2 protein chains.
Amino acid sequence: MVCSRAAVFSKGGIKIRKVTLKNIIKRQEVASILGDIAPVDELVITDPGGKALIGNNNSGKPLPGCPVKLGEEVIGWVMGGEKAETLAKLLSYLAVQELEKRSLARETLEKYKEISVIYDITEKLAASLDPKQVSQLIVGEAKRLIQADNISVMVIDEDTGLYSILAASGTEYHPKIGFQPGKGIAGSIIASGKGEIVNDVISDPRYIRGTIKISSMMCAPLKIKDRVIGAINVSSAQPLNYTAEDLKILSALALQSAAAIENARLYDRLKDTFLTAVYTLAETIEKRDPYTGGHTKRVMQYSLAIGKELGLADGDMERLRLAAILHDVGKIGIRDNILLKSSKLTLEEFSLIKMHTIYGQQVLKHIKYFKDIIPGVMYHHERFDGKGYPEGLRGEEIDIIARIIAVADSYDAMTTDRPYRKGLCHEAAVEELKRCSGSQWDSDVVEAFLRIDVSQTLGGGKLYG
Amino acid sequence: MVCSRAAVFSKGGIKIRKVTLKNIIKRQEVASILGDIAPVDELVITDPGGKALIGNNNSGKPLPGCPVKLGEEVIGWVMGGEKAETLAKLLSYLAVQELEKRSLARETLEKYKEISVIYDITEKLAASLDPKQVSQLIVGEAKRLIQADNISVMVIDEDTGLYSILAASGTEYHPKIGFQPGKGIAGSIIASGKGEIVNDVISDPRYIRGTIKISSMMCAPLKIKDRVIGAINVSSAQPLNYTAEDLKILSALALQSAAAIENARLYDRLKDTFLTAVYTLAETIEKRDPYTGGHTKRVMQYSLAIGKELGLADGDMERLRLAAILHDVGKIGIRDNILLKSSKLTLEEFSLIKMHTIYGQQVLKHIKYFKDIIPGVMYHHERFDGKGYPEGLRGEEIDIIARIIAVADSYDAMTTDRPYRKGLCHEAAVEELKRCSGSQWDSDVVEAFLRIDVSQTLGGGKLYG
């Protein structure tokens with residue numbers, strides 16, 4: 001695996017050992033060459049402070065000799081008769097070679113680290129299209145790689161133009177704050193599109209004091225080609241010295257993250273649109289029956305509250321939402337003279353009304369994605385005791401989402417005024433649910449419904465999330 | 001910019017120069033040290049073949065001396081009295097140092113190349129959610145980086161389980177072939193999930209002869225965590241020696257590509273579902289009027305054909321598609337006794353029918369995403385001369401998508417049987433379109449319609465793509 005070296009990296013920069021004369025001459029080949037060139041009894045090599053590395057220095061202080069230099073720095077001294085200068089020259093040359101090697105090794109390690117960060121984040125972000133989840137992963141990754149007390153992923157809301165925090169980890173986190181664009185250090189960095197290290201935040205004129213103590217920070221913009229969609233911020237409460245290498249790692253993270261966040265946001269928006277469109281069309285179909293205004297939405301909201309109470313899995317919650325929205329879609333097939341009749345229906349007319357469960361199934365079967373919700377729509381008039389329609393299924397033969405919608409639908413029908421009767425009050429409807437719990441309705445579902453606060457359930461604009 | 005070094009890389013491996021004695025001793029510091037150690041008049045250094053690099057060799061053949069070795073390889077000879085052996089030892093040591101430096105430099109360059117590939121593909125793939133476009137970008141990137149005659153991106157179709165090619169470039173490309181899973185070299189690599197180099201394809205027992213000549217190939221699986229969703233294949237008609245480094249680059253490309261392809265496929269699927277759902281619900285609403293069976297679909301297909309003929313931009317084509325699907329959604333607000341009346345409508349009844357354009361707008365205005373298609377739905381009964389409804393707009397005041405739907409809708413209405421009249425034949429309807437071109441309808445739109453082959457336009461299951 002390409003990122004197998006990941007384990008060798010930890011927070012902070014890569015350290016390389018200093019080039020010392022001691023390290024160069026301790027190699028056997030070098031020692032042997034030195035001995036060949038100068039007579040051993042004449043040769044003394046010391047470190048910069050005069051401590052003997054080869055030979056003896058009994059004087060206890062630096063001896064006169066030729067300096068071994070690495071650039072401008074003296075890294076040691078050579079004494080030893082006529083060959084001292086040659087040896088100093090040779091050791092200086094070997095020191096330069098060693099420094100070049102270590103610089104290259106350091107550069108290679110840095111690149112390994114960068115690649116490891118990239119592969120890691122790529123693997124973690126792969127095929128997640130949930131903006132919250134994606135940004136939480138990014139925060140976790142930043143936390144692993146960079147020393148910081150606070151980390152946040154900030155995005156620009158396309159509708160409001162404000163910055164909002166998608167995910168954060170830190171000592172004090174205040175989600176959902178809408179920041180003014182361009183304001184503060186992060187704002188200026190988003191506007192410029194260039195990542196920055198600010199190690200002394202307090203003295204930066206752009207700094208706006210917030211609730212979090214910040215001494216040092218870095219910010220890397222999230223960019224899609226040339227468009228900035230947000231930023232990753234890391235900060236420390238105590239003064240820190242963030243380095244160019246830290247910023248590079250943060251920028252690598254930001255580069256890989258930007259597309260993932262943007263894709264997740266696009267997917268989220270399309271999903272929202274899809275649900276809104278289906279909901280609106282379902283509501284439009286429902287509106288032919290003016291006595292049921294708002295029925296679709298209320299049934300959806302009751303159903304989801306029950307589903308949550310029963311601890312349904314995410315996938316079942318999704319099915320439940322769509323099935324609840326579309327449970328009466330089959331009413332499109334019922335003629336006005338029956339659907340809109342204000343007096344009580346005859347038995348024959350009622351048998352025509354019953355057809356809406358079948359019609360609903362006929363509409364939805366053409367949509368592959370909706371196959372899973374057909375049971376919810378088709379069987380929401382089945383009864384737990386098997387006396388319902390269209391198929392007379394009983395008990396757990398009836399899909400759980402249909403059993404839930406049955407309770408939600410019935411409660412809403414009971415509490416809504418109809419031309420031929422006034423709606424029941426909440427308490428009376430609850431009595432009726434209790435009375436027929438276990439016969440008409442699944443008693444587990446009824447109990448879950450009784451645990452929810454119906455008045456709190458209604459309201460809220462978003463169809464999901 | 002992090003990927004600024006991209007330009008230095010080309011196809012194939014990174015070459016490093018061989019370590020030669022000539023290159024080591026041509027450095028001034030080295031030459032000076034050598035001269036200090038041995039007397040210049042005694043010193044002769046030759047390359048492995050005996051050619052003098054320092055001093056003279058008039059004999060024309062290798063002289064007896066001490067070998068300079070790099071591992072087991074003799075890279076030259078030193079002659080020069082008693083210090084010859086010391087010099088050979090020193091030069092051997094310097095050669096090893098040089099080799100280590102070059103290996104590190106090579107490794108660093110390779111990592112730069114890998115990072116450059118990753119950043120490049122990340123930037124290119126950023127925020128594209130079209131599977132075709134994403135895979136074409138990947139093919140283009142592979143072409144730029146790896147020497148190959150044929151490159152293809154293959155994915156596993158979730159419905160059929162077959163492999164299909166999303167994009168390819170090469171001498172002979174046969175798109176849309178459904179490959180059996182597990183078959184052939186690529187099939188075995190997808191099954192194993194491990195990338196592979198096969199430089200001698202013909203003698204590989206897994207090879208299945210196809211229409212393309214292949215001598216050497218590489219294949220890297222597209223993986224999302226542990227799930228293989230497809231592969232990138234590159235192959236050459238002539239025998240080539242693909243290296244581990246080539247495979248590493250292809251694997252880096254594959255790793256970055258997999259999530260992009262998968263996200264694009266997920267987005268595509270959601271979009272498909274969305275359109276199918278809207279279409280099905282629109283059709284359901286339409287079905288209340290049994291005389292217009294298939295009207296929605298035909299109007300969409302005629303409209304799209306006209307839009308294509310007029311060269312509409314992608315965004316307008318999208319609007320046109322949705323508006324055509326939903327153009328009669330407002331009919332939900334018309335009561336059965338008028339909508340289904342089999343005799344001719346009175347003037348008052350007709351004025352109620354006209355309301356469907358307003359109702360349509362009222363339904364769609366709740367859906368943010370549908371705001372742009374409202375003009376198409378609301379104004380599809382406007383006339384070019386201003387005598388239409390609901391607002392009496394004229395000419396280019398009417399959105400182009402409404403002018404297109406007007407022609408498509410009218411043609412379909414004219415050629416469909418109604419209870420009170422038989423539908424016109426194609427020729428008669430065309431005559432009518434021509435007669436009122438410029439008055440009822442935009443003449444450019446009518447002309448575009450006349451250029452399309454109506455019978456060819458109908459059919460085809462997919463709602464978009």
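Note that this is a predicted model, so its numbers are computed, not measured.

Draft legend 1. Focus on the nonpolar core. Counting residues in each nonpolar core, the largest one holds 114 residues, and the members touching the most others are Leu326 and Phe370 of chain A together with Leu326 and Phe370 of chain B. Excluding residues that lie within four positions of it along the chain, Phe370 of chain B makes contacts with Ala277 of chain A together with Phe274, Val278, Leu322, Leu326 and Leu364 of chain B.

Draft legend 2. The arrangement of helix α2 (residues 28–37) of chain B in detail. Residues of α2 of chain B that are buried include every one of Val30, Ile33, Leu34 and Ile37 of chain B, and no others. Seen from one end, α2 of chain B has its buried residues packed into an arc of 100°, which puts them on one side. Where the residues of α2 of chain B are buried, they touch α2 (28–37) and α3 (84–125) of chain A together with α1 (21–25), β1 (44–46), β2 (52–54) and α3 (84–125) of chain B.

Draft legend 3. Spatial organisation of the sheet that holds strand β4 (residues 73–79) of chain B. Residues and elements named next belong to chain B. Taking strand neighbours across the sheet as the criterion, the four strands line up as β2-β1-β4-β3 in an open arrangement whose pairing is antiparallel. Where the open sheet ends on each side, the last strands, each with one partner, are β2 and β3 (66–70). When the angles between neighbouring strand axes are averaged without regard to direction, this sheet yields 35°. Sheet topology places β1 next to β2; two bridges connect them, and they run antiparallel. Looking across to β2, one finds that Thr46 is bridged to Ala52. The sheet contacts of α3 involve β1, β3 and β4, and relative to β3 the element is tilted by about 15°.

Draft legend 4. Just the pairing of β3 of chain B, in detail. Residue and element names in this part refer to chain B. By the alternation rule, side chains of β3 split into Cys66, Val68 and Leu70, which are all buried, and Pro67 and Lys69, of which none is buried. Bridging between β3 and β4 involves five bridges; their strand directions are antiparallel. Within the sheet, the bridge partner assigned to Pro67 lies in β4 and is Trp77.

Draft legend 5. Structural context of the domain arrangement of chain A. In terms of domain boundaries, chain A breaks down into domain 1 (17–103), domain 2 (127–265) and domain 3 (287–457). Here the C-alpha centre of domain 3 of chain A lies 91 Å away from the C-alpha centre of domain 1 of chain A.

Draft legend 6. Region of interest: the environment of Lys89 of chain A. The residue Lys89 of chain A is located in helix α3 in this model. Between the C-alpha atoms of Lys89 of chain A and Val78 of chain A, which are eleven residues apart in sequence, the distance is 9.7 Å. Here Lys89 of chain A is in contact with Ser32, Ile33 and Asp36 of chain B, once residues within four sequence places are set aside. A polar side-chain atom of Lys89 of chain A sits 2.5 Å from a polar atom in the side chain of Ser32 of chain B.

How each quantity is defined
- Residues numbered from 1 in each chain as written.
- Chains lettered and ligands numbered in written order.
- Predicted model: local features only at pLDDT ≥ 70, side-chain atom pairs only at ≥ 80, totals over all residues.
- Heavy atoms only, no water.
- Core = buried A, V, L, I, M, F, W, Y, C linked by side-chain atoms within 4.5 Å.
- Buried < 20%, exposed > 50% of the residue type's maximum accessible area, 1.4 Å probe, protein only.
- Contact = heavy atoms within 4.5 Å.
- Helix = DSSP H or I, 4+ residues; strand = E, 2+ residues; numbered from the N terminus.
- Arc of directions from axis to C-beta.
- Pairing = 2+ DSSP bridges.
- Axes fitted to C-alpha atoms, helices over the stretch in contact; angles between N-to-C directions.
- Domains from an automatic or database assignment.
- Polar contact = N/O pair within 3.5 Å; in protein donor to acceptor, adjacent residues only side chain to side chain.

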